Amino acid sequence: MIEISNLVKHFEGEKEKVVAVNDVSIEVPEGKLFTLLGPSGCGKSTTLRCVAGLEKPESGEIKLAGESLFSSRSGTFVPAHKRDIGMVFQSYAIWPHMKVFDNVAYPLKIKRFGKEEIRRKVRRALETVGLEGLEDRLAPQLSGGQQQRVSLARALVKEPKVLLLDEPLSNLDAKLREQMRLEIKELQERLKITTLYVTHDQVEALAISDFIAVMNAGRLLDVAGPQEVYFRPRTRFTADFIGLTNILRGRVKRLKDGLGEVEAKLGLLSSPLSAESTTGTEVMIFVRPEDVVVSREAMGGENVFEGRIKALIFLGEMVDCQIESGSELIRARLHPKSKLGEGERVNFRLAPEALISIPAETK
Amino acid sequence: MPKWVKEKLNPQFFTLTICVVAVAYLALVPVIILLYSSFRGAGPAGTGFVFTLKNYVEAYLDPEFYPLITNSVVYGIGSCLLTFFIGTTLAWIFERTNTPLKKIFAVMALVPFIIPGILSTVSWILLLSPKIGMINLFLIKLLRLEKAPFDIYSLYGMVWTQGIHNYPLVFLMMAAAFRSMDMVLEESATMSGSGTVSTFYHVTLPLMRPAMISTVLIVFIRTIESFSVPAVIGIPAGIEVFTSKIWVALQDYPPNFGLAGSLAVTLLVISTAGIFVYRYLTRRGERFATVTGKGYRPRVIDLGKVKYLVSALCLLFFFLTIFLPVLTVLWCSLMPYYEVPTLSALSKISLKNYFFVFKFPMTMRAFRNSIFLMLTTATVTMMLTSVIAWISVKSRLKGKEILDVTAFVPIAVPGIVLGVSLMYVYLTLPIPIYGTIWILLVAYTTKYMPYGIRTTSAAIIQIHTELEEASSLSGGSWLQTFRRITLPLLIPGFMAGWIYIAMVSLRELSTSILLYSSKSVVLSIVVFDLLEGGEFPEISALGVLMIIILVVLALVANKVGAKIGIKRVN
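Rules behind the numbers
- Residues numbered from 1 in each chain as written.
- Chains lettered and ligands numbered in written order.
- Predicted model: local features only at pLDDT ≥ 70, side-chain atom pairs only at ≥ 80, totals over all residues.
- Heavy atoms only, no water.
- Phe/Tyr/Trp six-rings, centres within 6.5 Å; stacked < 30°, edge-to-face > 60°.
- Helix = DSSP H or I, 4+ residues; strand = E, 2+ residues; numbered from the N terminus.
- Buried < 20%, exposed > 50% of the residue type's maximum accessible area, 1.4 Å probe, protein only.
- Lys NZ or Arg CZ within 6 Å of the ring centre and 35° of its normal.
- Pairing = 2+ DSSP bridges.
- Axes fitted to C-alpha atoms, helices over the stretch in contact; angles between N-to-C directions.
- Salt bridge = Lys/Arg side-chain N within 4 Å of Asp/Glu carboxyl O.
- 1 Å grid on protein atoms, 1.4 Å probe; cavity = no way out; pocket = protein on both sides within 12 Å on 5 of 7 lines; lining within 4 Å.
- Points joined across faces, edges and corners; volume = space filled by probe spheres on them.
- Nonpolar A, V, L, I, M, F, W, Y, C, P; charged D, E, K, R; others polar.

## Some words on the packing of aromatic side chains
Reasoning step 1: Under the criterion given, the structure shown has 29 aromatic pairs over all chains.
Reasoning step 2: Judged by centre distance (6.0 Å) and plane angle (40 degrees), the ring pair of A:Phe305 and A:Phe348 falls under tilted. Separated by 43 residues along the polypeptide, A:Phe305 in strand S17 (residues 304-314) and A:Phe348 in strand S20 (residues 345-350) bring together distant segments of the chain.
Reasoning step 3: For A:Phe305, a relative accessible area of 10% gives the class buried.
Reasoning step 4: On the basis of an interplanar angle of 85 degrees and a centroid distance of 5.8 Å, the ring pair of B:Phe372 and B:Trp438 is categorised as edge-to-face. One end of the pair, B:Phe372, is in helix H17 (residues 361-394); the other, B:Trp438, is in helix H20 (residues 437-461), and 66 residues separate them in sequence.
Reasoning step 5: We classify B:Phe372 as partly exposed; its relative accessible area is 31%.
Reasoning step 6: Exposure remark for B:Trp438: the relative accessible area of 46% places this residue in the partly exposed category.
Reasoning step 7: An aromatic cluster is defined as three or more aromatic residues linked by ring pairs; in this entry it consists of B:Phe39, B:Tyr56, B:Tyr60, B:Phe65, B:Tyr66 and B:Phe242.
Reasoning step 8: For B:Lys102, the ring lying beneath its charged end belongs to B:Phe94, and the centroid distance is 6.0 Å.

Below, the structure written as structure tokens:
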């Protein structure tokens, strides 16, 4: 539905140009919720604003349903107000001088719909977001969550082809954020509206997305479904940014039964290898803390090592466990009622099927 | 048509271009022509340019130049210190103590702002003149004195009259400074073991210093460029400062353009330097302000029983400096000739002076002109500056900083200097508005442009860009967005600025004095003219009418201000 190819956007910095978006290509499938995820300043919001037409990119192409919105080659630039797009802003941007009804009716008034039709459509939009009956309120009289919903209703009322959401939940408190997260997801699935969503919150991204694109420093690093991004990160940045990951460095010693034998500081590790890796390749191995099995008892199988528990931090739903093994520090998750104590010697196993390896990034 | 021309042909580009050209013309041309003329051999009406320093040499070597400097410095510093002391004390009482009635005092502290400078000067003459001053006559009778204890016609009289009228500005600036001080900063000093005095010296004072210095500076500049006190009190007393000397030089026959021009440039240089330092300091002040954080809760000091004494002293102060002058003017306006209120004088009360005002053709014309100028100046200035402010706050136009700075240039131009400059401009350029009311409109718009910019940009900064972007994504074009979103949100701030400019336009004197003609006469000029004949009752009647208009405007402004307050809650 949305096709972004080779998008580049610069900003004038204090001294030199800052490349905010660097050669980003994305395809958002119809009816799906697609998330741009990354730390602040990674270019995700700029990408979104380029799609909205609020920024004019330097080069590349943006298409919506096959129609070109921007193309540096042909010189096309459709201004924001002529794009068939609805957008929810981080600050909600509810106009304080208008009532809820007028806020939502605005896009329809611009399009010169009839009075009766406007009333009908606004009512339906407000019902969709669960705000029926609040038409005559002024914006300052609404709570944060309600403002959020008005903003959603306003973005949806003109039935756009695409919905853009720019960090829509970052101004809400934690409880409300979780609730709105669910509601947005549920709404998106019901309306089957193609949605581009921007957030810096990895949990939020995992919870609501059909696809996640991880961005850093203006570049696109990874695009995949939530589980794949989590379990099979393709870059060190992704592995590190989403959830907690143990990163082990080593060199492939030899290949054996489709697995690689990697010489790491812990010792010899059996790990699946990516296609580029072969004997002698420097690799990074990722293992999630919840995949580290810890026990007092001796364990069979491959990749079993010994270590000493350096610290245990009780977090309620789990215990964060730091195991010292040689010069490596391994993070593991324990059950909150685990009987292990600090300073205790333990065995731990890194199951080969839970490991991901990629060639080490050369710096 | 080439493509780039087509792209530029839209309402946005047109509006912006017109405003940019207008600002550059209004702000820069007068200053350039003034400089040009001051270095020019022939008079402004002559032709050809011969570079000369003759005007400056003559002005600076004149034996009268040095008393001019010392008078200006004593007048400037003296009145500045008096103003600073009064304004800061009142601000401190209001912001940091539990003095009873302090909210009423805060309103009272702004009242001098409503009274036109020339009327305040007149009222102090009516109180402190050695011959007719009410306070003098009263004290002579009471204490059986040989001669009047006070003489307003002195440098100290000038310092007093100017200082006692200028303090609302200090009050506002210092109250803001006291308010933005986060008490956590003081508390953390206390928790670090420092005592009250040490906290004040090491924390409070350094944090207040930028605000204090910049306040003193701005008041000093306002004082040396003031006109009504030097003209009305200084000239009869034989004490000349820059502004009155410029005026006197132009009253000669033939007018001494050379002297007026070189003095005007000198005054311009002084006030520009002051403004530069001020801008530099307030930039630092803002940095300090951001350090203090948002959640301010100023610490209120419990004065104990002393608070009643402080309250009583405030009441006495406001009685002497506001009620007494205003009542004196009111009393004078009802008398056939000015005299001390007695029972026998009471029988002479009449509205004759008010009838005179309405019968006299010149005052009627002045009323019409003043009201016309008040409405047009406020409207034109606000419309122009709202576009400028929009560009400088919202757009990514290259060179917008230059536009902002240009629009601020007039703040450094003293009123009388602007008058001299515009005189030169319209005697030089072939635009026939000299002697008409339009030159006054140009003058006022130039003069109040910086105030307009300040209020409109404050209003625009409050409008989050996303509010406009949301309109674009709802399908609204630039014009639709401006009309339906930006403008309605701007209107409260716009109204407040409009009323402010209307108020200051109504009492403008220092620029008008050099630009008016018998056709384009305004109210403050009529007051000034009547003063030469010493016709105090008529002046007072006119003054009372002016104050009534200004009070009405101030009340409306207050109402609008309160409404903005509600909107800002969100």
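There's more to say after this.
## A look at the sheet that holds strand S16 (residues 292-295) of chain A
All names here are of chain A.
Reasoning step 1: Spatially, the five strands line up as an open sheet ordered S16-S20-S17-S18-S19, and their pairing is antiparallel. Of all strands in the sheet, those bounded by a partner on one side alone are S16 and strand S19 (328-334). Within this sheet the neighbouring strands show an average axis-to-axis angle of 40 degrees, counted without direction.
Reasoning step 2: Pairing analysis gives six bridges linking S17 to strand S18 (residues 319-325), with the strands arranged antiparallel. Residue pairing in the sheet places Ile-309 in a bridge with Ile-323 of S18.

## Some remarks on the sheet that holds strand S14 (residues 267-272) of chain A
Residue and element names in this part refer to chain A.
Reasoning step 1: Taken in spatial order, the five strands of this open sheet run S14-S13-S12-S15-S21, and their pairing is antiparallel. Taken across any chain shown, the strands that pair with only one partner, and hence form the sheet edges, are S14 and strand S21 (356-359). Sheet twist, expressed as the average angle between the axes of neighbouring strands with direction ignored, equals 45 degrees.
Reasoning step 2: Two strands pair when backbone bridges link them, and strand S15 (residues 282-287) and S21 are joined in this way by four bridges, in the antiparallel orientation. Looking at S21, one finds that Phe-286 is bridged to Ile-356.

## Focus on the pattern of salt bridges
Reasoning step 1: Summed over the entire model, instances satisfying the criterion amount to 24 salt bridges over all chains.
Reasoning step 2: One salt bridge in this structure joins A:Arg119 and A:Glu116, with 3.6 Å as the shortest N-O distance. Placement of the pair is A:Arg119 and A:Glu116 together in helix H3 (residues 115-128), with a separation of three residues, close to one helical turn.
Reasoning step 3: Its relative accessible area of 38% is what places A:Arg119 among the partly exposed residues.
Reasoning step 4: In the salt-bridge network here, residues are joined through shared partners; they are A:Arg49, A:Glu55 and B:Glu469.

## Examining empty space enclosed by the protein
Reasoning step 1: All chains considered together, the criterion is met by six cavities of 30 Å³ or more.
Reasoning step 2: Of the pockets and cavities examined, the largest cavity occupies roughly 150 Å³.
Reasoning step 3: B:Ile115, B:Ser120, B:Ser123, B:Thr321 and B:Pro325 are, among the 15 residues lining the largest cavity, the residues nearest its centre.
Reasoning step 4: Those elements that place two or more of their residues in the lining of the largest cavity are helix H6 (117-128), helix H8 (155-180) and helix H14 (306-333) of chain B.
Reasoning step 5: Top contributing element to the lining of the largest cavity by residue count: H14(B), with five residues.
Reasoning step 6: A per-class count over the lining of the largest cavity returns eleven nonpolar, four polar and no charged.
Reasoning step 7: There is about 60 Å³ of room inside the second largest cavity.
Reasoning step 8: Considering the residues around the second largest cavity, the lining is formed by A:Ile85, A:Gly86, A:Met87, A:Phe89, A:Pro107, A:Arg154, A:Ala155, A:Lys158, B:Ala470, B:Leu473 and B:Ser474.
Reasoning step 9: Where the lining of the second largest cavity is concerned, the elements lending two or more residues are strand S7 (85-88) and helix H4 (144-156) of chain A together with helix H21 (465-473) of chain B.
Reasoning step 10: The class makeup of the residues in the lining of the second largest cavity is seven nonpolar, two polar and two charged.

## Thoughts on unusual backbone geometry
Most peptide bonds adopt trans geometry, and most residues besides glycine take a negative phi value.
Reasoning step 1: Residues B:Tyr253 and B:Pro254 are joined by a peptide bond in cis, for which omega reads -5 degrees.
Reasoning step 2: With respect to the helices, strands and loops of the structure, B:Pro254 is situated in the loop between helix H12 (242-251) and helix H13 (257-292).
Reasoning step 3: Phi at A:Ala217 takes a positive value of approximately 50 degrees, unusual for a residue other than glycine.
Reasoning step 4: Look at A:Ala217 and you get exposed, because its relative accessible area is 56%.
Reasoning step 5: Unlike most non-glycine residues, A:Asn303 shows phi in positive territory, near 55 degrees.
Reasoning step 6: Mapped onto the elements, A:Asn303 comes out in the loop between S16 and S17.

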